[in-house]
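Letter by letter, the chains look like this.
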Amino acid sequence: MHIAEGFLPPVHAVAWGVAAAPFVVHGVRSLTREVREHPESTLLLGASGAFTFVLSALKLPSVTGSCSHPTGTGLGAILFRPPIMAVLGTITLLFQALLLAHGGLTTLGANIFSMAIVGPWAGYATYRLLRRYDVPLMGAVFCGAFVADLSTYCVTSVQLALAFPDPGSGFLGALAKFGGVFAVTQIPLAVSEGLLTVLVMRLLVQSSKGELTRLGVLLSGQRAKNGNAGKAEDEAVTR
């Protein structure tokens, strides 16, 4: 997903940067408001950013000029909504470009658009839709993280196909080729990321029920149910 430094034509690099900028600006405002109104969320925000940084730093060679890896954006999008994840993703991609040579500054806009904007929005929309139809929390979390990861690579395939259309079959032919190469590694990675995100969410449910309730991830009834289950387990142990 990290499109390499200088790989995109200048016009494409600028266009994707312009497209990503409004989302990042809106995200900065949302993040500022969240921290000002709820300073206790700073630790969870940092954990979400760290989760994204660590997962997206694990890369596998996939196609010339790019790579395949988990994105880690689904968790932050579910917890804090996509606008804030746009900022966390931008910070992640900037540091990776400067410190790890993953991606680059000229392709930063394109990488932000795919991983920090489209991925979180697609994952969050999937999560919210499934929760609306009473899908259990962990099932919705898995699907949200899976879609956030896979949609990132769908957008990257579009970006590369627009920049490098196939000489014979044009944009659609290039899109099929890029998407097909990504799919070999990315579908298993998306499944793995979904399972890991579920594991992290389970830990958060145990350790941060109050914060998850405030964020709307857990409903008050769910919190009470979880608390009663934990109390019953404690009583069983003492007996």
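Data block above holds the structure.
Residues numbered from 1 in each chain as written. Predicted model: local features only at pLDDT ≥ 70, side-chain atom pairs only at ≥ 80, totals over all residues. Heavy atoms only, no water.

**As for the side chain of T107**
Applicable threshold: Helix numbering and strand numbering both begin at the N terminus, where a helix is a DSSP run of H or I of at least 4 residues and a strand a DSSP run of E of at least 2. Residues are treated as being in contact if the distance between any of their heavy atoms lies within 4.5 Å.
The topology assignment puts T107 in the loop between α4 (82-100) and α5 (108-132). Once you skip the residues sitting within four places of it in the chain, T107 turns out to touch I3, A4, E5, G6, F7 and L8.

**A closer look at the packing of aromatic side chains**
Two measures describe an aromatic ring pair: the distance that separates the ring centres and the angle between the ring planes. Spelled out, the test is: Each Phe, Tyr or Trp ring (for Trp, its six-membered ring) is paired with any other whose centre lies within 6.5 Å, and the angle between the two planes then decides the class: stacked below 30 degrees, edge-to-face above 60, tilted in between. The cut-offs for exposure are 20% and 50% of the maximum accessible area for each residue type, with area from a 1.4 Å probe on protein chains only; residues under the lower value are buried, those over the upper are exposed, and the others partly exposed.
Applying the stated criterion to the full structure yields 6 aromatic pairs. Centroid distance F23 to F113: 6.3 Å. Interplanar angle 85°. Geometry classified as edge-to-face. Remark: F113 occurs in helix α5 and F23 occurs in helix α1 (residues 10-37); sequence separation between them is 90 residues. Overall, F23 belongs to the partly exposed group, its relative accessible area being 34%. Overall, F113 belongs to the buried group, its relative accessible area being 16%. With centroids separated by 5.2 Å and ring planes inclined at 70°, the aromatic side chains of Y153 and F182 adopt a geometry described as edge-to-face. Taken together, the residues Y153 in helix α6 (residues 137-163) and F182 in helix α7 (residues 170-207) connect sequence positions 29 residues apart. With relative accessibility at 3%, the residue Y153 sits in the buried group.

**Remarks on a nonpolar patch on the surface**
What counts here: Any residue with relative accessible area above 30% and no salt bridge may belong to a patch, with like charges joined within 9 Å and the nonpolar Val, Leu, Ile, Met, Phe, Trp and Tyr side chains within 5 Å. The protein chains shown are the only cover counted for residues, whose accessible areas, like all others here, come from Shrake-Rupley with a 1.4 Å probe. When a carboxyl oxygen of Asp or Glu is within 4 Å of a side-chain nitrogen of Lys or Arg, the pair counts as a salt bridge.
The grouping of I91, L94, F95, L98, L99, L100 and L105 at the surface amounts to a nonpolar patch, some 660 Å² of accessible area in total. Assignment of secondary structure puts F95 in helix α4. Given a relative accessible area of 43%, F95 falls into the partly exposed group.

**Some details on α7**
For clarity, the cut-off: Working rule for helices: expected span equals 1.5 Å times residues minus one. Throughout, the bend at a residue refers to the angle made by two axes, fitted to the seven residues ending there and to the seven starting there.
Given a rise of 1.5 Å per residue, 38 residues ought to cover 56 Å, and the 52 Å separating the end C-alpha atoms of α7 matches this to within 8%. For α7, the principal kink sits at A183 and spans about 50°.

**Considering the environment of T126**
With respect to the helices, strands and loops of the structure, T126 is situated in helix α5. Considering only alpha carbons, one finds T126 and V141, 15 residues apart in sequence, at a separation of 8.9 Å. Setting aside its immediate chain neighbours within four residues, T126 contacts C143, G144 and V147.

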